[in-house]
Each structure stands twice: as structure tokens, then as C-alpha cells.
Amino acid sequence: MQKNNNKLGWLFASPYLIFTALFFLLPLFWSLWLAFTDWNMISPNIKFVGLSNFIKAIKEPAVQSAFFVTYKFLIIFVPIALFLSLGVALLVNSLPKFKGMFMVAFFLPYLSSGVVTALIVKGLTSSNGPLSNFIENTFHVKVDWFSNPTIAILLISFMIAWKMAGYYGLILISGLQNIQPEIYESAKLDGTTPWQRFWKITFPLLYPAFFTVTILAVGISFGIFTEVYQLTGGGPDFATNTWQMEIYSQAFVNLNSGYASAIALMSSIITFASIGVIRKLLEMWGRKNGWQ
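Quick caveat, the model's predicted, so the values are computed rather than measured. (Residues numbered from 1 in each chain as written. Predicted model: local features only at pLDDT ≥ 70, side-chain atom pairs only at ≥ 80, totals over all residues. Heavy atoms only, no water.)

Colleague: How would you explain the packing of aromatic side chains if you had to name every residue and give the values?
Modeller: A full pass over the atoms with the stated rule returns 30 aromatic pairs. Each ring, one from Y207 and one from W291, has its centre 5.4 Å from the other, and the planes form 50°; the classification is tilted. In this pair, Y207 sits in helix α9 (residues 194–221) while W291 sits in the segment after α12 (257–288), placing the two residues 84 residues apart along the sequence. Centroid distance F225 to Y248: 5.5 Å. Interplanar angle 55°. Geometry classified as tilted. Taken together, the residues span a long stretch of sequence, with F225 in the loop between α9 and α10 (226–231) and Y248 in helix α11 (residues 243–253) at a distance of 23 residues. Judged by its relative accessible area of 23%, F225 falls in the partly exposed class. The positively charged end of K56 is found above the aromatic ring belonging to Y259, 4.5 Å away from the centroid. (Phe/Tyr/Trp six-rings, centres within 6.5 Å; stacked < 30°, edge-to-face > 60°. Helix = DSSP H or I, 4+ residues; strand = E, 2+ residues; numbered from the N terminus. Buried < 20%, exposed > 50% of the residue type's maximum accessible area, 1.4 Å probe, protein only. Lys NZ or Arg CZ within 6 Å of the ring centre and 35° of its normal.)

Shown next, in the form of C-alpha cells:
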């Protein structure tokens, strides 16, 4: 009987296992092999070059620039995303009625594709767009949204943070709803201020959800591609050229698939290492303050 149950389990799991093997494991191993080769995706000949692609990537200024740009997005995007999502969660949780309706409204941008979001922002910030016209007519300032490197990276970071705020806010509001109202009532009787209640009660009890949202936001920052591709193409002057953009350019523009695979492998290792370090730092912060 146990043997038959095992066979039945493998049968039901087989579609997912086949899907994983075809669309994840095989491409992964193929990419690992390509990282050690020189291939233009057209020629039938694949030349093994060993570690040459990795050495070239380490020395290449474009890859080094993409490395720093990716971390710029990390430093800018993560705080904005955390601030917006925490604001959404606190706002919705404070409403006396229709919490679900407002949470759905904030969550809707997350359901839209990156391409759609980028096109909306592109229309708003075009030279004749409503946002550009409003700023020019009100403040008599003409903003070159995507010609200025600083404004471009800030705008893209804010756009992605706005898109993700509803999703992250949903995680945070689930944590807020687990906090018993009696705790706040007792704190009010003791004469605490709203800031003291937030920092001494809300945030410590919300820390597990905040930890999860932070790690998710860090992961997103290492994978930014669609918005950059649609809005700036990596410009101006490579100011928004992330790792993902560099990998795409090398693979599908320059047709250096082996070199692109090497960059992708390096970026994956650095991404996992960075997330691991940030996770350890967050855990240390939580233990130091007694939140874990």
C-alpha cells in the first residue's frame, strides 16, 4: 500500500518536476557551461575558453560600472520601498472601515507588468506629459527626467517602490493585525507618545514582517531590468546600466553569450552573498534590541 502511494505521489508531482527540469535545471546547467565558452548564438561551433570570460568581466569597466549602479539602486530603492510599504500598512490599519478595499487598491499596481508601469511613467514624464507640464507651469522649471543621471535613478527607484508598496504593505499589515489592541491601550494609560508606542511596541512586534520585506526588497534591487530597459536603456551615460542590462546587452546585442553567462554567474554569486550578509546584519540588529 505504501509503495502504491509513493508511485501515486510521484505521478502527481511529475508535471512540476518535468517543468522544473525543462525550464530551470537544463537552462541553468547550459548557462554554467556557456560561461566557460566563446559562442555567438549563431555559429554551430562553441569554443571552450576556460576562465577567460571571468577574467575579462572582472577587468571590464562596463561590468564594474554595472556593479556599482546595481548597488546604487539597492541603497536608494530599499529605503524608499520600506518607507512607502510601512506607510501604506499603517494607514490602512488605522482605518475604521473598508480596510480590505483600500488594501486591494494599493495592491493593484503590483499586479501590473513592469512594461505597463514603465510606459505609464514614460507618458507622465515625457516633454509634453502631464507631470512635466504641471511642474513647468507651476514652478517654471523644466525637468529632464531621463537626461539627468541622478533624477533617472531616483525616478526608477521610486517607480518600482510604488509598484511594490502594496505587496510589501500586505505583508506588514498582516503583522500589524497580530498586535493586540490592549497593548496600545495600556501604553496610552502610561502616558506614552505616538512615536514611543511605534518604536517600543509596533516596530518590535512588526520586526519579523519587516525582516521579510527587507530581504524581498534587497532581492528585487539586484534584478532590476524591465523598467530600466523601457525608460533609459541603461543611460544616460550608463548611469542606470544594471547587471541585468549588461547581461542582456552582451547576450542579445553583442551576441557574446558565453561572456554574458559568465557575468550572470558572477552577479548571482554576489547577489546571494550580499543577501546573506544583509540578512545576518538584520538578525544581529534584531537580537541586539531583543526583537527576535
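Colleague: So, the domain arrangement of the protein: which residues are in play, and what are the values?
Modeller: Per the domain assignment, the segments making up the protein are domain 1 (1–34) and domain 2 (38–288). For domain 1 and domain 2, the distance between their C-alpha centres works out to 32 Å. Each partner contributes residues to the interface: domain 1 has five residues there, and domain 2 has eight residues. With both chains or domains summed, domain 1 and domain 2 bury close to 530 Å², and 73% of this area falls on carbon and sulfur atoms. By the criterion of area lost to domain 2, the three top residues of domain 1 are L32, W33 and L34, representing 76% of everything that side buries. Across the domain 1-domain 2 interface, the total number found is zero salt bridges. Summed over the shared surface of domain 1 and domain 2, the result is zero residue pairs in polar contact (both at pLDDT 80 or more). Residue composition of the side of domain 1 that touches domain 2, by class: four nonpolar, one polar and no charged. (Domains from an automatic or database assignment. Contact = heavy atoms within 4.5 Å. Buried area = accessible area lost by both parts, 1.4 Å probe. Salt bridge = Lys/Arg side-chain N within 4 Å of Asp/Glu carboxyl O. Polar contact = N/O pair within 3.5 Å; in protein donor to acceptor, adjacent residues only side chain to side chain. Nonpolar A, V, L, I, M, F, W, Y, C, P; charged D, E, K, R; others polar.)

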